[in-house]
Amino acid sequence: MSKMGISALQSYKGAQIFEAVGIHQEVINRCFIGTASRIGGATFKDIATETLNRHRYAYSEEPGDKHILISTGQYHWRQGGESHINEPLSVANIQDAARTNNKRAYEEFVKAASLAIDQCTIRGQFQIDFGKCTPIPIEQVESAALICRRFCSGAMSFGSISKEAHTTLAIAMNRIGGRSNCGEGGEQPERYLDNDDKFNSTRSSIKLHQDALV
């Protein structure tokens, strides 16, 4: 809620500032009247089936420890569980590519990440019909250097990540002509003036400051 600028629960109730994802219209009409649900999803029957399955497991007479909840991998990756974009194979490949400059590992990362996105996201379900696309002249396409000017790194406060990571992000964004965000924790004062060598500058282009009321 805080990311939406809401600081009180009373302001949140009934505001309908969100959309439902994965919920059928019959559930929306009964429980979340007026909420947008563009792609549909689980019906009352689906919800009831999942609830009964959990109840059956908890109270069944089959041998086993019923005091331990089943981890289906919804929050933490589990073999055979829910699919995740950041799964072990992708992480291993991108680490190998970054540490050893392994081009093949990066290609494997791209392949695994693309497959995970197809399985885990709504955008992964879409396919572009290039046969119906009208190409534009290459002269109208911006260069990579111009596109990079719009790139910004996330606002990760110093302290939530290490000094090395915070500084490296700033250097990388400065090198490509983008903008790094120092986050609310800020950066070391000496980095404010570190702007002479554009290629190695550690200065963050975007600065946030949080004032606390005492």
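An account of the accompanying structure is given in this report. Model, not experiment: these values are computed from the prediction.

**What about the environment of N200?**
- Mapped onto the elements of the fold, N200 is located in the segment after helix 7 (163–176).
- Measuring from C-alpha to C-alpha, the distance between N200 and N174 comes to 7.6 Å, with 26 residues separating the pair along the chain.
- Not counting the four nearest positions on each side in its chain, N200 is found in contact with I171, R175 and D194.
- A distance of 2.6 Å separates polar atoms of two side chains, one belonging to N200 and the other to R175.

**Focus on a nonpolar patch on the surface**
- On the surface, a nonpolar cluster with roughly 440 Å² of combined accessible area is contributed by V21, I39, I122 and F126.
- Since its relative accessible area comes to 63%, F126 is described here as exposed.

**Focus on the packing of aromatic side chains**
- Per the counting criterion, the structure on display carries one aromatic pair.
- Aromatic side chains Y106 and F109 sit 5.9 Å apart centroid to centroid with 40 degrees between the ring planes, which places their arrangement in the tilted category. Of this pair, Y106 and F109 both sit in helix 5 (residues 103–120), three residues apart, which is roughly one turn of that helix.
- We classify F109 as partly exposed; its relative accessible area is 22%.

**Structural notes on the side chain of T35**
- Following the sequence through the fold, T35 ends up in the loop between helix 2 (25–31) and strand 2 (41–42).
- Setting aside residues up to four positions removed in sequence, T35 forms contacts with Q16, F18, E19, A20 and I28.

**Here's the deal with the side chain of H84**
- Tracing the backbone shows H84 in the loop between helix 3 (44–59) and helix 4 (88–100).
- Polar contacts involving the side chain of H84 include one to the main-chain carbonyl oxygen of G73, which spans 2.4 Å.
- Not counting the four nearest positions on each side in its chain, H84 is found in contact with G73, Q74, Y75, H76, W77, A116 and C120.

**Describing the pattern of salt bridges**
- Per the counting criterion, the structure on display carries four salt bridges.
- Ionic pairing is found between R54 and E50, a salt bridge with its closest N-O pair at 3.8 Å. You can see R54 and its partner E50 sitting in helix 3, four residues apart, about one turn around the helix.
- Judged by its relative accessible area of 54%, R54 is exposed.
- The residue E142 makes a salt bridge to R150 at a minimum N-O spacing of 2.7 Å.

Each value, and the rule that gives it
Residue positions within a chain follow its written sequence, with the count starting from 1. Local features in this predicted model are restricted to residues of pLDDT 70 or higher, and side-chain atom pairs are both shown and tallied only at a pLDDT of 80 or more, whereas totals for entire chains, interfaces and linings draw on every residue. Just so you know, side-chain values use all the structure's heavy atoms and leave hydrogens and water out. Secondary structure is summarised from DSSP: a helix means a run of H or I of at least four residues, a strand means a run of E of at least two, and numbering begins at the N terminus for each. Residues count as neighbours in contact if any of their non-hydrogen atoms are within 4.5 Å of one another. For the purposes of these results, a polar contact is taken to be a pair of N or O atoms within 3.5 Å, where, inside protein, one atom must be able to donate a hydrogen and its partner to accept one; residues adjacent in sequence count only when each atom of the pair is a side-chain atom. Residues forming no salt bridge and having over 30% relative accessible area are the ones grouped into patches, like charges within 9 Å of each other and nonpolar side chains (Val, Leu, Ile, Met, Phe, Trp, Tyr) within 5 Å. Here the open area of atoms and residues is found with the Shrake-Rupley method and a 1.4 Å probe, where only the protein chains shown may cover a residue. Whenever Lys or Arg places a side-chain nitrogen within 4 Å of a carboxyl oxygen from Asp or Glu, that contact is recorded as a salt bridge. Relative accessibility thresholds used throughout: buried, under 20% of the residue-type maximum; exposed, over 50%; partly exposed, between the two (1.4 Å probe, protein chains only). Two rings from Phe, Tyr or Trp (for Trp, the six-membered ring) form a pair when their centres are within 6.5 Å of each other. A pair whose planes differ by under 30 degrees is stacked, one over 60 is edge-to-face, and the rest are tilted.

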